[in-house]
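Examination of the molecular architecture
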Amino acid sequence: MTAIVLNASSPSIIVVEESIHQDPEWYHYAGIVLALTSGLFIGSSFIFKKKGLLQTKSLYGDLGDGHQYLKNPLWWTGM
């Protein structure tokens, strides 16, 4: 990158060369893979928890609204 600096105290122009650090190309692909896998884990966690809550509700009826879901292994899988 080239930058031109004007010096106010003297009528000269200073050209400054800066090197730009570039990350390896695989960083881009690693970022995409991490974003997709994290989305997959978050989405599957939501599904496991929801299925665990529905299973608890079907097993215990209205009592499933309390803390009975804590005994459900499917709900814990989602955690």
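The rules behind each value
Residues numbered from 1 in each chain as written. Predicted model: local features only at pLDDT ≥ 70, side-chain atom pairs only at ≥ 80, totals over all residues. Heavy atoms only, no water. UniProt positions renumbered as here; feature names shortened; annotations may be inferred. Helix = DSSP H or I, 4+ residues; strand = E, 2+ residues; numbered from the N terminus. Phe/Tyr/Trp six-rings, centres within 6.5 Å; stacked < 30°, edge-to-face > 60°. Expected span 1.5 Å × (residues − 1). Buried < 20%, exposed > 50% of the residue type's maximum accessible area, 1.4 Å probe, protein only. Contact = heavy atoms within 4.5 Å.

Bringing the UniProt feature "transmembrane region" (unreviewed entry) in the protein chain into the picture now. Summarizing the sequence annotation, UniProt attributes the feature "transmembrane region" (unreviewed entry) to residues 26–48 in the numbering used throughout. Its end C-alpha atoms 33 Å apart, residues 26–48 is made of 100% helix and 0% strand.

Moving on, we come to the packing of aromatic side chains. Tallied over the entire structure, the rule returns three aromatic pairs. Between Trp75 and Trp76 the ring centres are 5.0 Å apart and the planes differ by 85°, which places this aromatic pair in the edge-to-face class.

Since the α-helix turns once every 3.6 residues, residues separated by three or four places project in the same direction. For helix 1 (residues 26–60), with 35 residues, the first-to-last C-alpha span of 50 Å sits near the 51 Å given by 1.5 Å per residue. Taken residue by residue, helix 1 has Ser45, Gly52 and Thr56 as its buried positions. Its buried side turned inward, helix 1 meets helix 2 (73–78). Among the residues trailing helix 1, Gly61 stands out with phi positive, at a value near 65°.

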